[in-house]
Amino acid sequence: MAVNRAWAAEGLRSFSNRPRPVPTRFWVISLASIFILALLFIGHTSDSLPSIPGLNKEPEKAQPPPPTPESNDPPKGPAKNYDPEEFDLDENGLKIWAPPHMDALVHGVHASDGVKRKPTYPLDPFPQTPMTSPVQDNRPRPWLGAVICSAWDIKRRMLIRYTWMKMFKDVPMDQRFVISNPGPDWRAVIQQENATFGDMIVLDHLHEDDFTANTVKTVEFYRWLSDKSPVKYEFVSKMDTDLWVNARAYWDRQLLPRLDVVKSADGNTVTGYKANVNHTTIGQFYYDNYHRTAFPHGAIYTVTWDIVNLLPKLQDKHHIIAGEDVTMAWLLIKGHQKVTMAILTQEEKFEFDHKDTRPGERTPWARKGTDVTSSWHAMYGSEILAIHQLKKDDDWLMVAECFDERGIKEMPPYPEKEPEDKGEKPGYPRPFWTQIPNDFWETDVDGTLLCNGIWKLEPGVGRDMKKKPKGE
Ligand SMILES: *[C@@H]1O[C@H](CO)[C@@H](O)[C@H](O)[C@H]1NC(C)=O
Ligand SMILES: *[C@@H]1O[C@H](CO)[C@@H](O)[C@H](O)[C@H]1NC(C)=O
């Protein structure tokens, strides 16, 4: 297994080269490698090893910041520009929206082509394999944190389990990984993995492939929750595998204020939580110029349980095939639904930019003069809730060291004399929501701002995504 060798070698290399030893990191890597080997061994004791998709691939390179929108190809097909004259108005004078007429693009593949792909293995029902020794814990958990990942991405799952999930285990969140049907070759391995950790949700009516993962997987996950989940959650967060989440702060600042706490008669024990909002999503507002649609950025967004129930119903009616986050917006547009959009700022959720780290230091902290209003920067301050684009294990572990179970550690002071900066400079691109066209914005009957006909900003929040102080 080339990958395990490379991985262990990386751990050893970093162990010997660096001046200070990093035992945690070394042990996480070693333990995870051993675990993967053990799983593969258990899964395939008799047969010779089949070819294993995914694990033999080169590790994914960190992606460069997205191109500036002007350099995007112009939309193909009959997509029309929104012209205010073209809108019919409802009884309140608000525009009646429809998704643009176009063949959606999903990571470079046209949806009309993507749906024609042929399955490479049969979709047999996936047998449930409960955890062998489950931990008894009856605390109410109103929050589901679900990492959407590919079945064969075991290595990343181990890294996530042993870092933020373990660190923030006191937060009342159920932690799950959502995979599609991995096919017969992988069945035994995944069964063994769930028997050990008990944290897998298998959507066995879906193929494990990129196109499915990037289009219908989230809505089908909501369908699974709606139809089969043993627990009804108040909030469900969907997360990517390259996202670090400060679950402690996310719970304290974003979720707890939106929950009413239910206590036992003597007032001493929390017996439950009930959301005090409905039809709400929490996320980073994003605009996709190509599909001319506004939506919460897909790396992490959180929805209330009524949205979990609603989206699969809308999908049964409208059958949208588009990027996972565009799909959500188009379904809501077609269903004429208005959803409250609670905004995460660029300081709270951002794309990790290596070029913005401190020159000469091996830390994820930002250099002097960083710009936290940009969507791409390094770590700064104490507001951080989620960090995206941590595709490299090195970056992931570096970030992990800046947190403990109470959340983010204090930012270390800048060095007295900064070393010379020989590397590439950060570009600090503007957030995508700044490109939302003027005619996307309307004022709803209750005075809140409405975008794209579906996203209602919270009362007092302006087009700059900031909450206006009272009286302004
Ligand atoms: C995984 O384990 C959990 C906990 O025992 C169980 O509830 C769930 O059904 C299992 N899932 C699968 C796909 O086996
Ligand atoms: C949200 O909607 C559900 C039913 O869809 C209802 O039971 C609940 O009370 C509502 N919550 C709020 C805060 O309105």
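See the structure printed just above.
Every value quoted in this text rests on a predicted model; they were computed, and no experiment measured them. (Residues numbered from 1 in each chain as written. Chains lettered and ligands numbered in written order. Predicted model: local features only at pLDDT ≥ 70, side-chain atom pairs only at ≥ 80, totals over all residues.)

### Overview of the site of ligand 1
All residues adjacent to ligand 1 are Q128, T129, P130, M131, P134, N194, G198, M200 and V202. Residue composition of the shell around ligand 1, by class: five nonpolar, four polar and no charged. (Near = placed C-beta within 6 Å. Nonpolar A, V, L, I, M, F, W, Y, C, P; charged D, E, K, R; others polar.)

### Comments concerning the environment of G360
Residue position: G360 is located in the loop between β15 (349–352) and β16 (376–377). For the pair G360 and D421, spaced 61 residues apart in sequence, the C-alpha separation works out to 7.4 Å. (Helix = DSSP H or I, 4+ residues; strand = E, 2+ residues; numbered from the N terminus.)

### Quick look at the packing of helix α7 (residues 217–228) against helix α9 (residues 305–318)
Interhelical geometry of α7 versus α9 gives an angle of 120° and a closest axis separation of 8 Å. By the angle between their axes, α7 is oblique relative to α9. Here α7 runs over α9; the crossing is left-handed. Along its contact with α7, which presents V219, Y222, R223, L225 and S226, the element α9 presents V308, N309, L311, P312 and Q315. Residue composition of the contact of α7 with α9, by class: six nonpolar, three polar and one charged. (Axes fitted to C-alpha atoms, helices over the stretch in contact; angles between N-to-C directions. Parallel < 35°, antiparallel > 145°, perpendicular 65-115°, else oblique. Left-handed = near helix turned anticlockwise from the far one by under 90°. Contact = placed C-beta atoms within 7 Å.)

### What to know about the site of ligand 2
Neighbouring ligand 2 are A275, N276, V277, N278 and D306. Its residues assigned to classes, the shell around ligand 2 shows two nonpolar, two polar and one charged.

### Section: the sheet that holds strand β21 (residues 449–451)
Reading across the sheet, the ten strands line up as β7-β6-β5-β8-β13-β12-β14-β22-β21-β20 and stay open at both edges, with mixed pairing between neighbours. Each edge of the sheet is formed by a strand with only one pairing partner; in this case those strands are β7 (200–207) and β20 (441–443). Across the sheet, the axes of successive neighbouring strands diverge by a mean angle of 40°, strand direction being ignored. Sheet topology note: the strand β14 (residues 339–343)/strand β22 (residues 455–457) ladder contains three bridges and is parallel. Looking at the pairing, M341 lines up with L457 of β22. Contacts from α7 reach β5 (143–148), β6 (173–181), β7 and β8 (235–239) within the one sheet, and its direction differs from that of β7 by about 120°. (Pairing = 2+ DSSP bridges.)

### Here we look at the environment of T196
As for its position among the elements, T196 is in helix α5 (residues 187–197). Distance in space between the C-alpha atoms of T196 and T129 is 9.6 Å, their sequence separation being 67 residues.

### Side note on the sheet that holds strand β17 (residues 386–388)
One open sheet accounts for four strands, arranged β9-β17-β15-β16; its pairing is mixed. If you trace the sheet from one side to the other, it starts and ends with β9 (244–245) and β16, each paired once.

### Description of α9
Taking 1.5 Å per residue, 14 residues should reach 20 Å; α9 reaches 21 Å between its end C-alpha atoms and fits that length. For α9, the set of buried residues is W305, I307, V308, L310, L311, L314 and Q315. Tucked into the core, α9 has its buried residues touching α7, β8, β12 (280–288), β13 (293–304), α10 (324–334) and β14. Just downstream of α9, H319 is the residue with a positive phi angle, here 45°. (Expected span 1.5 Å × (residues − 1). Buried ≥ 20, exposed ≤ 12 C-beta atoms within 10 Å, placed from the backbone.)

### Some details on unusual backbone geometry
Unusually for a residue other than glycine, H279 sits at a positive phi of about 50°. As for its placement among the helices and strands, H279 is situated in the loop between β11 (270–275) and β12. Taking the C-beta count within 10 Å as the criterion, H279 has 15 such neighbours and is therefore assigned partly exposed. Within the chain, Q389 stands out as a residue other than glycine whose phi angle is a positive 75°. Checked against the element boundaries, Q389 lands in the loop between β17 and α11 (393–400).

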